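Descriptive structure summary
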Amino acid sequence: MKNFLNISDLSSDECLRIIKTAIDRKINKPHSNEAKNKSLAMIFEKNSTRTRISFELAIKQLGGLSIMLEKDQLHLGKRETLADTAKTLSQYADIIMMRSNSHQTLENLAKYSEVPIINGLSDLSHPCQTLATLMTIIEIKGSLDGVNISWFGPISNVAHSLIDAANNDLGFTLTIHCPKYYQDIYFQKLNDMNKKISLDKVSLTEIDEKKVALADVIYTDTWFSMGDIEDSTKIEMLTPYSINKNIMSMTKKESMFMHCLPANRSQEVSAEVIDGEQSYVWHEAQNRLHIQKELILSFL
Ligand code: CP
C-alpha cells in the first residue's frame, strides 16, 4: 500500500488485518514507541473534530509527533504549487494526512509526494471512517459475516467508502436506502469525476421495509456536508429517511445505530435514537483513534 485514498487501495485481507490489529492494540498495547522519531503532517482544507484529534493522538500514543497545517497557513495554491508543497513536506514528514475539498487534490498530492498520503476525507470518500465503523461492528457483533448494514440518505463520501468496502467481500451485505433523485446525483458526480464503482454487491433502493427489518446496523450521515447551503426541498425529500423511533421499531431490538458525526438531531436522526440505547456513535468515534494507529504503523 503506497497511499490510502480509498478502501479499494486495500485488499479484503489487509482491511481485516488492520481492523483486527486495531482491536488487539486497543486492549493490549494502546501506548508504545513504535513511531518514535516519526512525524505525521496533517493538512486540513476543512474543519474537523474527530479526524484531527484522533490522528494527532494516534501518532503521539505511538511515540511520534504531528504537525498541524491549516491550508491558509501554507503557501499552497497561492505562492506555491501542490507539487512543490508535496515535495517539501516529504523532506520533513514520514506520512502526510490530508482532508481535502477535492479528491483530485489528494490524487495530485499522492502523485508528487515521496511519502505516503492518507485521505482524511475528500468529496469522494472517507476510508478511515469506514475502517472505524467496521471495527465497531466487529467488536459488537463478533464478525462482519452475515451482518446486514442499511444506509439511509444521500450517498455521501462515507457511503461511497462503505460501498467500496462491500465490494471487498468483507462478509457484510449493504443496502442503500436513498431517494432515486439522490441516487442519480451520486452517479452524475461519479461521472463528472471520471470515477466508476461496482454496485454488484450493493442493493440500491428507496425505503425498503423488508431490508430494514433484517438490518443489524442502521447507518446515516448528515444531509448537508460542510459548505453546503441547507434547502427546504432537500429536507422535505429526505424527511422519510430520517432515523427516528419509527424506523428503529422496524429493525431488530439489537440493531446498532451508527453515524460518522457530526450529527443534526433535527434532520437525519432524532435525539432519542442517537442518544438512545441502540446508538454506538461514541464507540465508533473512539475507534477512529485505534484505526489511525494501525494506518500509521502500516506505512511506517
Ligand atoms: N466523522 C468525521 O470525519 O468527523 P470530523 O469531521 O469531526 O473529523
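The present account deals with the structure reproduced in this document.

**Topic: the nonpolar core**
Within the largest apolar cluster, 62 residues are counted, with the highest numbers of intra-cluster contacts made by Leu131, Ile149, Phe172 and Leu174. If you tally residues by element for this core, the top one is helix 5 (residues 127–141), at 7 residues. Formed by 17 residues, the second largest nonpolar core is a distinct cluster that contains Leu69, Leu74, Leu76 and Ile117.

**Considerations on the packing of aromatic side chains**
In this structure the tally under the stated criterion is 3 aromatic pairs. Between Tyr181 and Tyr182, the ring centres sit 5.0 Å apart and the planes meet at 90°, which makes this aromatic pair edge-to-face. In this structure, Lys234 is placed above the aromatic ring of Phe224, and the distance from its NZ or CZ to the ring centre is 4.9 Å.

**Things to note about the site of the ligand**
Every residue lining the ligand is accounted for by Ser48, Thr49, Arg50, Thr51, Arg99, His126, Gln129, Cys260, Leu261 and Arg288. Taking Arg50, its main chain carries an N or O atom lying 2.9 Å from an oxygen atom of the ligand. Between the ligand and His126 there is a distance of 2.7 Å, counted from an oxygen atom to a side-chain nitrogen or oxygen. Taking 260 Å² as the accessible area of the ligand by itself, protein coverage stands at 96%. Residue classes in the shell around the ligand are distributed as 2 nonpolar, 5 polar and 3 charged.

**Quick word on the pattern of salt bridges**
Scanning all chains against the criterion turns up 12 salt bridges. Of the charged contacts in the structure, one is a salt bridge between Lys71 and Glu45, with a shortest N-O distance of 3.7 Å. Pair noted here: Lys71 is in the loop between strand 2 (65–70) and helix 3 (82–92) and Glu45 is in the loop between strand 1 (39–44) and helix 2 (50–61), with a separation of 26 residues, a long-range link. Between Asp169 and Lys201 there is a salt bridge whose closest N-O contact spans 3.1 Å. Residue Asp169 is located in the loop between helix 6 (157–166) and strand 6 (173–177), and its partner Lys201 is located in the loop between helix 7 (180–192) and strand 7 (202–205); the two are separated by 32 residues in the primary sequence. We classify Lys201 as partly exposed; its relative accessible area is 40%.

What counts and what doesn't
Residues numbered from 1 in each chain as written. Predicted model: local features only at pLDDT ≥ 70, side-chain atom pairs only at ≥ 80, totals over all residues. Heavy atoms only, no water. Core = buried A, V, L, I, M, F, W, Y, C linked by side-chain atoms within 4.5 Å. Buried < 20%, exposed > 50% of the residue type's maximum accessible area, 1.4 Å probe, protein only. Helix = DSSP H or I, 4+ residues; strand = E, 2+ residues; numbered from the N terminus. Phe/Tyr/Trp six-rings, centres within 6.5 Å; stacked < 30°, edge-to-face > 60°. Lys NZ or Arg CZ within 6 Å of the ring centre and 35° of its normal. Near = heavy atom within 4 Å. Polar contact = N/O pair within 3.5 Å; in protein donor to acceptor, adjacent residues only side chain to side chain. Areas by Shrake-Rupley, 256 points an atom, 1.4 Å probe, with all protein chains shown as cover. Nonpolar A, V, L, I, M, F, W, Y, C, P; charged D, E, K, R; others polar. Salt bridge = Lys/Arg side-chain N within 4 Å of Asp/Glu carboxyl O.

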